[in-house]
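Observations on the model geometry
Each chain, letter by letter, is given below.
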Amino acid sequence: MAAVHGDAHGHEHDDHHPSGIMRWITTTNHKDIGTMYLWFSFAMFLVGGTLAMGIRAELFQPGIQILEPELFNQFTTLHGLIMVFGAIMPAFVGFANWQVPLMIGAPDMAFARMNNWSFWLLPVAATLLVSSFFVPGGAAAGGWTFYPPLSTQGGLGVDLMIFSVHILGASSIMGSINIITTILNMRAPGMTLMKMPMFVWTWLITAYLLVLVMPVLAGVVTMLLTDRHFGTSFFNAAGGGDPVMFQHIFWFFGHPEVYIMILPSFGIVSEVIPTFSRKPLFGYSSMVYATASIAILSCVVWAHHMFTAGMPTVGQLFFMYATMLIAVPTGVKVFNWTATMWRGSMSFETPMLFAIGFIFLFVIGGFSGVICAIVPIDIQVQDTYYVIAHFHYVLVSGSLFALFAGAYYWIPKWTGRMYNETLGKWHFWLSMFFFNLTFFVQHFLGLAGMPRRIPDYNLQFADFNMISSIGAFGFGLTQLLFLYIMISCIRSGEKAPQMPWDGATTLEWTHLPTPAPYHSFEKPPIVK
Amino acid sequence: MGMINSNPKANVLMLKKLFIFTLIMFAFGYALVPFYEKFCEVTGINNLLNPDVLSKDNWVDEERWLAVEFDANARGLPWSFKSLQTNARIHPGEPITVMYEITNNSDREIAGQAIPSYSPRYLEKHLKKLECFCFTKQVLKPKETRQMPVQFVIDPSLPVEINTVTISYTFFELPEGVNVIKK
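Residues numbered from 1 in each chain as written. Chains lettered and ligands numbered in written order. Predicted model: local features only at pLDDT ≥ 70, side-chain atom pairs only at ≥ 80, totals over all residues. Heavy atoms only, no water.

Quick notes on the sheet that holds strand 4 (residues 96-104) of chain B
Residues and elements named next belong to chain B. Here we have four strands laid out as an open sheet, ordered 2-4-8-6, and antiparallel in their pairing. Edge positions in the open sheet fall to strand 2 (79-83) and strand 6 (127-132), since each of these has one partner strand only. Put simply, the sheet's adjacent strands are angled 25° from each other on average, direction ignored. As defined by bridge partners, strand 6 adjoins strand 8 (residues 145-154) across five bridges and the pair is classed as antiparallel. (Pairing = 2+ DSSP bridges. Helix = DSSP H or I, 4+ residues; strand = E, 2+ residues; numbered from the N terminus. Axes fitted to C-alpha atoms, helices over the stretch in contact; angles between N-to-C directions.)

Looking at the nonpolar core
Ranked by internal contacts, the top residues of the largest apolar core, which has 187 residues, are Phe85(A), Phe146(A), Leu217(A), Phe358(A) and Phe401(A). For this core, the leading source of residues is helix 3 (residues 69-104) of chain A, giving 21 residues. Setting aside residues up to four positions removed in sequence, Phe401(A) forms contacts with Phe354(A), Gly357(A), Phe358(A), Leu361(A), Val396(A), Phe428(A), Ser431(A), Met432(A), Phe435(A) and Phe475(A). Ranked by size, the runner-up nonpolar core spans 33 residues in total, among them Ala72(B), Tyr100(B), Leu123(B) and Phe152(B). (Core = buried A, V, L, I, M, F, W, Y, C linked by side-chain atoms within 4.5 Å. Buried < 20%, exposed > 50% of the residue type's maximum accessible area, 1.4 Å probe, protein only. Contact = heavy atoms within 4.5 Å.)

What to know about the state of the cysteines
Residues and elements named next belong to chain B. Throughout the structure, instances matching the rule amount to one disulfide over all chains. No disulfide involves Cys40; its sulfur sits 17 Å from the nearest other cysteine sulfur, which is in Cys134. By relative accessible area, Cys40 is classed as buried at 9%. (Disulfide = S-S within 2.5 Å.)

Let's talk about the domain arrangement of chain B
Along its sequence, chain B is carved into domain 1 (8-43) and domain 2 (51-173). The straight-line distance from the C-alpha centre of domain 1 of chain B to that of domain 2 of chain B is 40 Å. (Domains from an automatic or database assignment.)

Looking at the pattern of salt bridges
Under the counting rule described, the total for this entry stands at nine salt bridges over all chains. Residue Arg23(A) pairs with Asp32(A) through a salt bridge whose shortest N-O separation is 2.6 Å. Judged by relative accessible area, Arg23(A) falls into the buried class, the value being 13%. Among the ionic pairs, Glu144(B) bridges to Arg146(B), the shortest N-O distance being 3.1 Å. Given a relative accessible area of 24%, Arg146(B) falls into the partly exposed group. (Salt bridge = Lys/Arg side-chain N within 4 Å of Asp/Glu carboxyl O.)

Structural notes on the confidence of the model for chain B
Residue and element names in this part refer to chain B. When pLDDT is averaged along chain B, the result is 86, and 91% of the positions lie at 70 or above. When pLDDT is averaged over each helix and strand of chain B, the minimum, 86, is found for helix 2 (residues 123-126) and the maximum, 94, for strand 4. Two numbers describe this predicted complex: its pTM, 0.88, and its ipTM, 0.90. (pLDDT = per-residue confidence, 0-100.)

Things to note about the environment of Val258(A)
The topology assignment puts Val258(A) in helix 8 (residues 243-260). The spacing of Val258(A) and Asn465(A) is 207 residues in sequence and 26 Å in space, taken between C-alpha atoms.

Considering the side chain of Asn29(A)
Note on placement: Asn29(A) falls in the loop between helix 1 (21-26) and helix 2 (30-58). Only 2.9 Å separates the side chain of Asn29(A) from the backbone oxygen of Tyr518(A), close enough to count as a polar contact. (Polar contact = N/O pair within 3.5 Å; in protein donor to acceptor, adjacent residues only side chain to side chain.)

Digging into empty space enclosed by the protein
Residues and elements named next belong to chain A. Counting across every chain of the model gives four cavities of 30 Å³ or more. Volume-wise, the largest cavity comes out at about 410 Å³. What lines the largest cavity is a set of 24 residues, among which Leu38, Trp39, Phe42, Ala407 and Phe482 lie closest to the centre. Broken down by secondary-structure element, the contributors of at least two residues to the lining of the largest cavity are helix 2, helix 3, helix 15 (385-415) and helix 17 (462-492). Among the elements that line the lining of the largest cavity, the one with the most residues is helix 15, at seven residues. (1 Å grid on protein atoms, 1.4 Å probe; cavity = no way out; pocket = protein on both sides within 12 Å on 5 of 7 lines; lining within 4 Å. Points joined across faces, edges and corners; volume = space filled by probe spheres on them.)

A word on the sheet that holds strand 1 (residues 66-75) of chain B
All names here are of chain B. Within the open sheet, the five strands sit side by side as 3-1-9-5-7. Their pairing is mixed. Both edges of this open sheet fall to strand 3 (87-90) and strand 7 (138-140), since each of them pairs with a single strand only. Direction aside, neighbouring strands of the sheet carry axes that sit 30° apart on average. In the sheet, strand 5 (residues 110-119) pairs with strand 7 via three bridges, with the strands oriented antiparallel. Bridge pairing in strand 7 links Ile110 to Leu140.

Structure follows, in structure tokens:
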């Protein structure tokens, strides 16, 4: 945790912040807020992970053993919502809070009070979402995409989910406005846009995507709410509405959303790979353009989630080709990371292991994505475990592995202490093994026709499901090791050297003491 | 908090711009609704409420027989709804009129809207509906019974491997004040 170091720049500060719990409630410091975002998202990761354990426990054997179908559906729905909106997204905002000001030489975020507010909305939203399990009728159970008519028919749990999504959306929008303003207006002198670290670039583009599509999500859940309670018929066929229209509007948000969850992880990997290869990032400007191209393309591919919803052939062709086109800038990125490592003086500390694991497994997820983009194949695998395998390869071994890489990479800068390298490597290898055990076999299940969101299955799927469940339990337990590594690092880790990674070149490593002082860059550094 | 390398005024200006952009995107979400309807209307996707016109070069494929099944349901409103004939045997291209009957079993006036559904799903592309009770809402007084026609032609372009098609209608209750006719 960031200790208070008032004299880093050789002059005294008066830190007027209160102590104890009030410090955290009233803080406007980007490091405190970043820390809270990270702890919050980890807590939600454990909640969402617990739901995943429930799902895999039920699927351990055919038949209904643990979760009744109604509760199983609530588990899958809330697992998705909590992981997307509660774990992955806030974790990246936490990294942005800590790292963006440090990497561009700014003293804090542009709007410090709004920053505090956008964090403290999150526990409120999470409480609404999680407490919906305990209302009559239980939590929302129509899938994390809450398609009508299920979402217009559900009970109080759906209303709580709608309010929760509203609040989470407001928090995200405020966070993005803050990040955009900080990056565009508060860079140190000499830090031109094309000198910004890749992590900052990816977050700038992500934040623009967020202000572009989160309001559309807010709109579509508002329509759902008025359909449910105020007599409108946006999605009600009997009233002249159209449930398929919900899918179009939802995925207009939803597809950029998946890039919102992956672009910052591209940024983290683009910082870690050069550091541990001791070479500058290969093709920096092509990385920037590739990120921007991915963001733009992500806005015109949404209907590839709906190939079976009924669409003219020409529409299917357009969305198929547009989707496959995204593989081009993504391929540029993978090429550049590989070329950065090429003939580098590589070393394999935990952040680097997670970054390489990210590239390896994200490419598998990317390829299965291209396969799903092909219309006739998609019609076969729609709503099967093949799709589940695909998006867990990009979201778990993609986004989550990058988050782990970033956490190990920056924890010495944040706390002034080193994590236990041996345990870190154990965390990586166990995660790698159990992740693949869980999700690789799900490709086979999907190709054989096992549908998603169903608590029971045909006997022919039994073996692969048992393997997948064993992998999931192992993966879940392994993440408790991560918690232990981080807590023991923060409380009693060895003192970190000023520069723990000798290949790091960004401002937080070159221009700030380790740990980073509570107030940093009050005098902007000069970037040459 | 010293904002030495930042200009608060410029930041607030940026905040305002981005906030306005957020509001525009919220409105854009709603604008997608009429856009979607217009898009479907112009491209002829999802045409539920307008009669089709029979083209001049319509022809009857007398070589081929097609079995048509008629299905009728009332969902969530106290009406009885049935078709007066359960099936028909026709040639593709040949116009046919089928009568349906609805009865309001309740003591209140109820407005309902019928929504069609087809099997196979792509029948929609080959079905030319010239007249249908589903083009408008139906308002029934207490205990009222009404007979209503559907007139349609199934285009001979229907793939030859299809021998049987089903045309189904389901009546849903329209809440008061809601008028399905938006076009």
